[in-house]
Amino acid sequence: MEQTVEQKLKALYELQTIHSQIDKIRQIRGELPMEVADLEDDVAGLETRIQKIKFELDDLEDEIVTRKNVIKEAQANIKKYEAQLNEVKNNREYEAISKEIEIQGLDIQVSEKKIREFGFEITTKNQVYEKALADLEDRKKDLEIKKDELGTITSETQKEEEELLSQVEKAKANIEDRLLFAYDRLRTNAKNGLAVVTIRRDSCSGCFNQIPPQRQSDIRQRKKIIVCEHCGRILVDEQMAMEVEEA
C-alpha cells in the first residue's frame, strides 16, 4: 500500500532515532579506534627503522673488519718489501720497492682513518638505535593501554550496537529509495548526523533558526514533507516525535 506522508515522516524519524542511539555509542568510544590505528602505525614504523639501523650497524662492522684485513695485508707487504730492500742491486729497484712501501703505508693510514669514522658512526647509530628501542617500548605500552580501553568499551556496547544496526535495516525497509537517498545525504553532510529534526521553541532543532508560524502549522498537519529553509533538514512536529518514541 502507498504510504501516507505521515507514515513516511514517522518512518524517517524512527530511523533517525535509531541512528542517533548508534551515534551516541560511537561517541563513547571517541577517537580511540583512530588512536589505536595511529599507535599501530608508529610501532610498525619504529620496528622498520630499528631493523634498518641494525642492518646499517652490521654493514659498518663488516667495513671495519674489511679495513682491518687491509691493514694486516699492508703490514705483511711492508715486511716483505723491507726484506727485499736488503737484496736490491741498484737504485731503480730500491726506489720501486720504497714506493710500494709508501703506498702500503698510505693504505694503512686511509684504513685507520676509515675505521675511526666507522667507529664514530657506529656510536652515533647506537644512540639512535637505543632511543628507537625506548620509543618502541613506550609506544607498545601506550598501544596496549588503548587497546584494552577500546576492548572494554567495545565489549560493553557491541551487542547493543549490533541490535540497533539490525533495527536500522528493518526501519530502512519501510522507506522508499528516494527518501532514503535524501536522508543518507543529509546525515552525511550534517556534523551531528541529524537528518530529521523536531521544532523546539519555534526553531529547527538542527540549526536553531526560527521557523515561521505558518510553516509550523503546515508541519503539524503532516500533509507534505517539509525541510528547514536554512539547513535542509526534514522537519517533524514534537507530537509526532513523542508518538514515535512511545511506540
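About the thresholds
As a convention, each chain's residues are numbered from 1 in the sequence order in which they are written. Local features are withheld for residues below a pLDDT of 70 in this predicted model, meaning they are given only at 70 or higher, and side-chain atom pairs are given and counted only at 80 or more; totals for whole chains, interfaces and linings count all residues. To get the side-chain values, take all heavy atoms of the structure and skip hydrogens and water. Any two strands between which DSSP finds at least two bridges are classified as paired. Numbering of helices and strands runs from the N terminus, with a helix taken as a DSSP run of H or I at least four residues long and a strand as a DSSP run of E at least two residues long. Two residues qualify as a contact provided that any one of their heavy atoms is within 4.5 Å of a heavy atom in the partner residue. Each axis is a line fitted through C-alpha atoms, and for a helix only the stretch in contact is used; angles between axes span 0 to 180 degrees, taken between their N-to-C directions. Distance and chemistry together define a polar contact, namely a pair of N or O atoms within 3.5 Å, with one atom able to donate a hydrogen and the other to accept it when in protein, and with adjacent residues in sequence counting only for side-chain atoms on both sides. UniProt positions are given in the numbering used here, feature names are shortened, and annotations may be inferred rather than shown by experiment. To sort residues, take the accessible area from a 1.4 Å probe on protein chains only and compare it with the maximum for the residue type: under 20% means buried, over 50% means exposed, and anything in between is partly exposed. Each salt bridge in this description consists of a side-chain nitrogen of Lys or Arg and a carboxyl oxygen of Asp or Glu lying within 4 Å of one another.

The strand order across the open sheet formed by 3 strands is 2-1-3, and the pairing between neighbours is mixed. One side of each edge strand has no neighbouring strand; the edge strands of this open sheet are strand 2 (203–204) and strand 3 (234–236). Both strand 1 (residues 196–200) and strand 3 contribute to a ladder of 3 bridges, which runs parallel. Counted as the bridge partner of Val-197 is Leu-235 from strand 3. Strands strand 1 and strand 3 of the sheet are contacted by helix 1 (residues 5–29), whose axis makes an angle of about 105 degrees with strand 3.

Quick look at the side chain of Arg-29 now. Position of Arg-29 relative to the elements: it lies in helix 1. There is a polar contact of 2.3 Å between the side chain of Arg-29 and the side chain of Glu-161. Setting aside anything within four residues of it in sequence, one finds Arg-29 in contact with Leu-150, Ile-153, Thr-154, Thr-157 and Glu-161.

The sites that carry the UniProt feature "domain: C4-type zinc ribbon" (unreviewed entry) are, in the present numbering, residues 203–235. The straight-line gap between the two end C-alpha atoms of residues 203–235 is 10 Å; of that span, 27% is helix and 12% is strand.

By the element assignment, Glu-176 lies in the loop between helix 3 (91–172) and helix 4 (177–189). Taking relative accessible area as the criterion, Glu-176 reaches 27% and is therefore assigned partly exposed. In the structure, Glu-176 is positioned 164 residues away from Leu-12 in sequence and 10.0 Å away in space, judged by C-alpha atoms. A distance of 3.2 Å separates polar atoms of two side chains, one belonging to Glu-176 and the other to Arg-178.

Here we take up the pattern of salt bridges. Taken as a whole, this structure holds 20 salt bridges when the rule is applied. Taking the shortest distance from any N to any O, the salt bridge between Glu-176 and Lys-8 comes out at 3.0 Å. Residue Glu-176 is located in the loop between helix 3 and helix 4, and its partner Lys-8 is located in helix 1; the two are separated by 168 residues in the primary sequence. Where Glu-176 meets Arg-178, a salt bridge forms, and the shortest distance between an N and an O atom there is 3.2 Å. In this structure, a network of salt bridges that share partners links the residues Glu-6, Lys-10, Arg-222, Asp-237 and Glu-243.

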